[in-house]
Amino acid sequence: MADLDVVVVGAGFAGIYAVHALRSAGLTVRAFEAGSGIGGTWFWNCYPGARCDVESKDYSYSFSPELEQEWSWSERYPAQPEVLRYLNHVADRFGLWPDIQLDTRVIAAIWDGETAEWTVRTDDRAERTARFCVMAAGCLSAYQVPAFRGLDSFRGPWYHTSRWPREGVDFTGLRVGLVGTGSTGIQVAPEIAEVAERLYVFQRTANFAVPNRNAPVDPEFERVFKTGYREYREQARASLLGVPVAGTGRSARAEPPDELQRTYIERWQAGGGMPFLGAYTDVLIDRAANDTVAEFIRERIRETVRDPAVAELLCPTTYPVGAKRLCQSDDYFAMYNRPNVTLVDVRSDPIEEVTPDGLRTADGFYALDAIVFATGFDAMTGALARIDIRGTDGLPLTEKWAAGPRAYLGVATAGFPNMFMVTGPGSPSVLSNMVVSIEQHVEWITDCIEHAVSHEYTCVEATSEAEKAWGEHVIEVAYSTLFPMADSWYVGANIPGKPRVFAPYIGGVGTYRARCDEVALAGYEGFVLTVSLAEGRRLAVSVSVNPQAQEVLDGRAAAGVPPTWEQTPEEVRAGFAPVKAMIGPGPAVASVRDIIIPGKAGEIPARVYSPAPDSPGTVVYYHGGGWVLGSVDDWDACVRTLAVAAGCDVVSIDYRLAPEHVFPAATDDAYDALVWVASSLAGGRPLVVAGDSAGGNLAAVSALRARDSSGPALALQVLIYPVTDHDLDRESYRQYDGREFILNKADMAWFWDHYTPDPAARSNPYASPLRASDMSGLPPAFVLTAEHDPLRDEGYAFADRLRAARVPVEHRHYGSQIHGFFTMVNVIDDADKAAAELGAAIRAAMGG
Ligand SMILES: Cc1cc2nc3c(=O)[nH]c(=O)nc-3n(C[C@H](O)[C@H](O)[C@H](O)COP(=O)(O)OP(=O)(O)OC[C@H]3O[C@@H](n4cnc5c(N)ncnc54)[C@H](O)[C@@H]3O)c2cc1C
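Here's a quick rundown of the structure. (Residues numbered from 1 in each chain as written. Predicted model: local features only at pLDDT ≥ 70, side-chain atom pairs only at ≥ 80, totals over all residues. Heavy atoms only, no water.)

Observations regarding the overall build of the chain
At step 1: Each helix and strand counted, the chain has 27 helices and 28 strands in total.
At step 2: Seen through its principal axes, the chain has C-alpha atoms that stretch 100 × 65 × 50 Å.
At step 3: A burial count over the chain gives 59% of its 848 residues as buried.
At step 4: Of the contacts formed within the chain by residues at least 6 apart in sequence, a portion of 75% connects residues at least 24 apart.
At step 5: Accessible surface computed for the chain: about 31,700 Å², of which carbon and sulfur atoms make up 53%.
At step 6: Charged side chains of the chain number 74 positive and 110 negative; the gap between the two group centres comes to 4 Å. (Helix = DSSP H or I, 4+ residues; strand = E, 2+ residues; numbered from the N terminus. Buried < 20%, exposed > 50% of the residue type's maximum accessible area, 1.4 Å probe, protein only. Contact = heavy atoms within 4.5 Å. Areas by Shrake-Rupley, 256 points an atom, 1.4 Å probe, with all protein chains shown as cover. Lys, Arg positive; Asp, Glu negative; His and termini not counted. Charge placed at Lys NZ, Arg CZ, Asp CG, Glu CD.)

Right, here's the structure in full:
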């Protein structure tokens, strides 16, 4: 057994929340943090002037409404000490300290495929094993000092803004050189200029900056705002950048010049970068539209800076505004009116070397007492590259990413099972309000790990195909915008030799979240989830039973329904009458007719439900009932519901039942009926097989037989908690081995005994389709499973086998449902929901 369920690397906004979320899911967690305090960015970047450029009401956690209401920010854009206090308060409030180990750097994380565990090594020479690794090491935490010749010889001190001395630095009366004019340089420069005798700002790229209009938070505004905080957060989650921005909804190119100016002046006066970029729909995609903003900002620079030559040097011209992070400052440009500040343009006059006394450029020498590097980070990948991470077969992550990072949804990378990245490359991350993105990732990762743990998956791994497709999408979206036109750290341009790949996803926080949710809903589409049923690997996570399902269970218990396995087949069949009465009728369908299908062994009764005259295709449906009970009448309500939801003909089949007719009678009828429907009813339109429980087994087997006998072609197989294997030695059988969950192990053994009295026949793939030696070439599948169901794990196993054979699988797991819920329309709301989901999948498969 691993020492821990999860190791978290880093304790900034991401690591702190990951510890809380994973722990709340009942998992054992330990976060390792290299710093001597938590807070990440807000711990390390304690230079003067450091503050957020997203407003405090947005740049804060939303996971706890209580925290949200309790905490009060003092400023619209809080400074570093306040954000750090906030994060420490969060750790105190949620009791996170015991699970965070400070002053400990993770130096290696090595995957062991045999044990399915990560071995995590830290710089205190300790080693821990964990089932999962969550990398919360920060997109902007691997700081970068330029390799200037002679830096070692400099006699004075030099500082990087991201490793600022905690006791502070006194620049009073000193000559200071500042290298770098990005977000940080712009924040720190006015603070140094205030006290230094002289400040030389070495600028390579002039950057756009807009005012913050920072101010104290008005208590009345805060009180009123907090009454609608929840709704506001929802808007943020669905937004483009993680902050609800009121745009005009119009194109800047189409806007009359007066109106354009009015909008920009309003936004300039209100302060903030995102409202500026979000003012018009085309600012980030159309160069001419972008130029309207760029020119507006350049005009403000020329207005502010008195020396026209300096103003011109400060006017950015080399990239579209917004294609690099838009800087924010209330006093940066005005600082150049101070007599003690000099701007040095190192694009025309490059830095050649550092000498013991200062900095030499091609054309001059600047005597300095101290140097400040605001030169940024090896962004997005730097922190991970500094850890020796090895995945399957010892592959180093740095090797896999040698030509640029590749990750599925920015959250996982193929070849590195059970490793997740928070705000990794390929996710909105640095292009958003990062707290929104961090929360979304942490919650998604926690759900995924919980899912794996509660369903006995040993490994969760992104497939190379999904990763490739996502990577292509990220690039395609990026190149539909102006972002790639800038030499920014988004593309790694600030790091010599770094492959130039546009790393973040610009499709929008809301769109991205929806995609992640779809992936999870489809049973983690694009991931391979490997089942291991070895004892002792399961970490139980108790999942409650849906209240309506619980009522059904309670009703059965109160009525004293005897266990199936204690009854005769006749008694079990008769016992279905009260269930049918409880369920009641299904919805009206335009036309319902009973037909007789000529089967090889005799007539097969069936019922055709036609919800509309021109059906786009046909579903052949097999009812459940353990091959022993059930009929088209008994299943009438749920099949009607499905027919309405799918909007197509559904043919429900009355196949022969056991024990009167043992295996292979049911599957023969099922397949004969399918062949007949294909040739006599379907009229060349798409054909789908579907069924629940034992009917799911018949549907899966019919699909196998259709492949093996070259027809008919199927557009989809819909398998609702299907029986796929006769092996009852599975965790889900052990877990629900009791009457209260409708079906139990003894019941299932009883059904198998009646269907296949010859035990040898059970391993025939037409009885246990999970045993088919080859799953390739089967039709796409929609697999539905229920949590409280002995058949759960074989449903999962079947979905896995199909995926492994490259069969497209949509897997929907109903986390609180019981076996049989799909038939209980009118009683359990999820039955209708499931029918709607299956209906949508069927319509899509039929080209609707
Ligand atoms: C000056 C500055 C201002 C910013 N302002 C904003 C803003 O206004 N809005 C916004 O959205 N974003 C802003 N950002 C981005 C900011 O990084 C994120 O908002 C957020 O704080 C990131 O949190 P995180 O936990 O993902 O990473 P980080 O805060 O970077 O935390 C990662 C932690 O992991 C630790 N770590 C890394 N490697 C290891 C290892 N091998 N072993 C152990 N520990 C390790 C690091 O020490 C660090 O503490 C700003 C960034 C900077 C630098």
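A word on the pairing of strand β16 (residues 370–373)
At step 1: Of the two faces of β16, the one holding A370 and V372 and the one holding I371 and F373 are both buried throughout.
At step 2: With three bridges joining them, strand β7 (residues 158–160) and β16 adopt parallel strand pairing. Its bridge partner being in β16, W158 is matched across the sheet by I371.
At step 3: Taken together, the four bridges between strand β8 (residues 175–179) and β16 define a ladder with parallel strand orientation. The residue of β16 that forms the bridge with V176 is A370. (Pairing = 2+ DSSP bridges.)

Section: the site of the ligand
At step 1: Taken together, 35 residues form the shell around the ligand, and within it E33, T41, D53, Y59 and M434 come nearest.
At step 2: Here an oxygen atom of the ligand and a side-chain polar atom of W44 are 3.0 Å apart.
At step 3: One of the backbone N or O atoms of D53 is found 2.6 Å from an oxygen atom in the ligand.
At step 4: For the shell around the ligand, the secondary-structure elements that each account for two or more residues are α1 (13–24), α2 (41–44) and α15 (434–454). (Near = heavy atom within 4 Å. Polar contact = N/O pair within 3.5 Å; in protein donor to acceptor, adjacent residues only side chain to side chain.)

Concerning the nonpolar core
At step 1: Membership of the largest hydrophobic core comes to 140 residues, with the highest contact counts inside it found for Y61 and F527.
At step 2: Ranked by residues supplied to this core, first place goes to α15 with ten residues.
At step 3: One finds V639, A666, L674 and W750 within the second-largest nonpolar core, a separate group that totals 106 residues. (Core = buried A, V, L, I, M, F, W, Y, C linked by side-chain atoms within 4.5 Å.)

Quick look at the packing of aromatic side chains
At step 1: Enumeration over the complete set of coordinates arrives at 51 aromatic pairs.
At step 2: Geometrically, the ring pair formed by W627 and Y755 is stacked, given 4.1 Å between the ring centres and 10 degrees between the ring planes. Of this pair, W627 sits in the loop between β23 (618–622) and α21 (636–646) while Y755 sits in helix α25 (residues 745–755), and the two are 128 residues apart along the sequence. Just as W627 is buried, Y755 falls in that class too.
At step 3: Put simply, the rings of F13, Y17, W42, Y59, Y61, F63, W71, W73, Y86 and F94 pair up and form one aromatic cluster.
At step 4: The lysine or arginine in question, R300, covers the ring of F296, its NZ or CZ lying 4.4 Å from the ring centre.
At step 5: Here the basic side chain of K324 rests over the ring of Y319, its NZ or CZ set 5.1 Å away from the ring centre. (Phe/Tyr/Trp six-rings, centres within 6.5 Å; stacked < 30°, edge-to-face > 60°. Lys NZ or Arg CZ within 6 Å of the ring centre and 35° of its normal.)

Looking at the environment of H441
At step 1: For H441, the location among the structural elements is in helix α15.
At step 2: Given the relative accessible area of 1%, H441 is considered buried.
At step 3: Between the C-alpha atom of H441 and that of E837, which follows or precedes it by 396 residues, the distance is 25 Å.
At step 4: Leave out the neighbours within four places in its chain, and H441 touches L409, G410, V411, M421, V422, T423, G424, S427 and Y512.
At step 5: At a separation of 2.6 Å, a polar atom in the side chain of H441 contacts the side chain of Y512.

Interpretation note: all reported values are geometric properties and have no functional meaning in isolation.
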